[in-house]
Amino acid sequence: MGAAGRSASIVKSGVKRLLGRAGFDIVRSTNNLGGVDDFIPFEATMRAARAAGLSVGDHIDAVMNGTPGATQSTIDELSALGVFAPGPKTVLEIGPGSGRYLEKTLKQCSPGRYEIYETAKPWADYLVETFGVVAQPTEGSSLAPTPDGSVDLVQAHKVFNTVTFLCAARYFFEMARVTRPGGRIVFDVMTETCLDPAAVRTWATRGGSGHDSFPAAMPRRTCVDLFATLGCDLEAAFQAPMGIATTEVLVFTKRA
């Protein structure tokens, strides 16, 4: 390998380490709308998780992202808020990736139908085979196959920190559309709550060069005001770990 090739390999390796530390599932996208063109390799990740004696999700949290227990802590917060208490009959998850939030959600409730929109086919196939979920065809910005008002719980974790503003906004409209009255919408975004001067300094000095759209910030007021116009009220919010900093989890309820 020539000097240029070695240099490119080093850069690519560094980017993958940076994204792994960032705390989200990196998957190959068929359309690259989010600008994330690297991925967590399916076979290698499965082998590493088995060798460590961990579930795939716990392996990604503890080893690849360096934030052990992060997924479970988010699920525990949502449980304490009563998100799973009604026993949602239909759940929809955008960008489940390796399924680390999906797996723990299914330990909290037993929906009759769990839909996923995942652009990485190896991971989508794995989730269908392992958990019996329904993989919907996706173009990376729409939930078109899902009917209006048909879902009790819509969620997306570590997704909207990685995509462009317009991609996230388009999903927001779709999430509100498919949620039934009384249903919940849960997602996290890197809001100004997560971006005090110390956090900004951390991202700027320890976050490397970033990677296309990651990390993507989203004004909290934009989310709250937009969902209010879509008939959804902010019920709760809390911060969750995201690699070297945090992200804010927002919980909305769609008005009856």
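Residues numbered from 1 in each chain as written. Predicted model: local features only at pLDDT ≥ 70, side-chain atom pairs only at ≥ 80, totals over all residues. Heavy atoms only, no water.

### So, the overall build of the protein
Reasoning step 1: Counting secondary structure elements, the protein contains nine helices and seven strands.
Reasoning step 2: Taking all 256 residues of the protein together, the buried fraction comes to 51%.
Reasoning step 3: A total of about 11100 Å² of accessible surface is found on the protein, and carbon and sulfur atoms cover 56% of it. (Helix = DSSP H or I, 4+ residues; strand = E, 2+ residues; numbered from the N terminus. Buried < 20%, exposed > 50% of the residue type's maximum accessible area, 1.4 Å probe, protein only. Areas by Shrake-Rupley, 256 points an atom, 1.4 Å probe, with all protein chains shown as cover.)

### Structural notes on the confidence of the model for the protein
Reasoning step 1: Taken residue by residue, the protein gives an average pLDDT of 85. The fraction at 70 or more is 83%.
Reasoning step 2: The low-confidence segment residues 3–38, where pLDDT is below 50, has 82 contacts with residues more than four positions distant or belonging to other chains. (pLDDT = per-residue confidence, 0-100. Contact = heavy atoms within 4.5 Å.)

### Quick notes on the pairing of strand β4 (residues 151–156)
Reasoning step 1: In terms of residue burial, β4 counts as a mostly covered element, since six of its six residues are buried.
Reasoning step 2: Two strands pair when backbone bridges link them, and strand β1 (residues 90–94) and β4 are joined in this way by four bridges, in the parallel orientation. The residue of β4 that forms the bridge with Ile-94 is Ala-156.
Reasoning step 3: Taken together, the five bridges between β4 and strand β5 (residues 179–189) define a ladder with parallel strand orientation. Note on β5: the bridge partner recorded for Ala-156 is Phe-187.
Reasoning step 4: Handedness of the β-α-β unit built from β4, helix α7 (residues 165–178) and β5 comes out right-handed. (Pairing = 2+ DSSP bridges. Right-handed = clockwise from strand over helix to strand, strands pointing away.)

### Remarks on the sheet that holds strand β3 (residues 134–135)
Reasoning step 1: What the seven strands build is an open sheet, ordered β3-β2-β1-β4-β5-β7-β6; its pairing is mixed. The two strands at the open ends of the sheet, each matched to only one other strand, are β3 and β6 (232–242).
Reasoning step 2: Sheet topology places β5 next to strand β7 (residues 245–254); six bridges connect them, and they run antiparallel. Within β7, the residue paired with Phe-187 across the bridge is Leu-250.
Reasoning step 3: Sheet strands in contact with helix α4 (residues 70–80) are β5, β6 and β7, and its direction is about 155 degrees off that of β6. (Axes fitted to C-alpha atoms, helices over the stretch in contact; angles between N-to-C directions.)

### Some remarks on the packing of α7 against helix α9 (residues 220–229)
Reasoning step 1: Between α7 and α9, the least distance of the axes is 10 Å, while the angle of their chain directions is 30 degrees. Of the two possible hands of crossing, α7 and α9 adopt the one that is right-handed. Every residue of α9 that contacts α7 at Phe-165, Phe-172, Phe-173 and Ala-176 is listed here: Thr-222, Cys-223, Leu-226 and Phe-227.
Reasoning step 2: Per-class residue counts for the contact of α7 with α9 are seven nonpolar, one polar and no charged. (Left-handed = near helix turned anticlockwise from the far one by under 90°. Nonpolar A, V, L, I, M, F, W, Y, C, P; charged D, E, K, R; others polar.)

### Brief notes about unusual backbone geometry
Reasoning step 1: The phi dihedral of Lys-158 is positive, around 55 degrees, even though this residue is not glycine.
Reasoning step 2: Residue placement: Lys-158 occurs in the loop between β4 and α7.

### Here we look at the pattern of salt bridges
Reasoning step 1: Under the criterion given, the structure shown has 10 salt bridges.
Reasoning step 2: A salt bridge links Arg-221 to Asp-225; the shortest N-O distance between them is 3.1 Å. With Arg-221 and Asp-225 both in helix α9 and four residues apart, this pair spans about one turn of that helix.
Reasoning step 3: We classify Arg-221 as exposed; its relative accessible area is 52%.
Reasoning step 4: When salt bridges with common partners are traced through the structure, they connect Asp-148, Glu-174 and Arg-177 into a single cluster. (Salt bridge = Lys/Arg side-chain N within 4 Å of Asp/Glu carboxyl O.)

### Comments concerning the nonpolar core
Reasoning step 1: Residues Val-56, Leu-78, Val-83, Phe-84, Ile-116, Trp-123 and Val-186 are the most contacted members of the largest nonpolar core, which totals 28 residues.
Reasoning step 2: Within the residue set of this core, elements represented by two or more residues are α2 (42–52), α3 (56–64), α4, α5 (100–106), β2 (113–117), α6 (121–131), β6 and β7.
Reasoning step 3: No other element matches α6, which puts four residues into this core.
Reasoning step 4: Not counting residues within four places of it along the chain, the set of residues in contact with Phe-84 comprises Ile-75, Leu-78, Ser-79, Thr-105, Gln-108, Cys-109 and Leu-153.
Reasoning step 5: Formed by 27 residues, the second largest nonpolar core is a distinct cluster that contains Tyr-117, Phe-227, Cys-232 and Leu-250. (Core = buried A, V, L, I, M, F, W, Y, C linked by side-chain atoms within 4.5 Å.)

### Points about α6
An α-helix turns once every 3.6 residues. As a result, residues three or four positions apart point the same way.
Reasoning step 1: Taken together, the buried positions of α6 are Trp-123, Ala-124, Tyr-126 and Leu-127. The arc enclosing the buried residues of α6, seen along the axis, measures out at 160 degrees, which places them on a common side. Of the exposed residues in α6, those oriented more than 90 degrees away from the buried face are Lys-121 and Glu-129.
Reasoning step 2: Contact partners of the buried residues in α6: α2, α3, α5 and β2.
Reasoning step 3: The first or second residue beyond α6 is Gly-132, which carries a positive phi of 70 degrees. (Arc of directions from axis to C-beta.)

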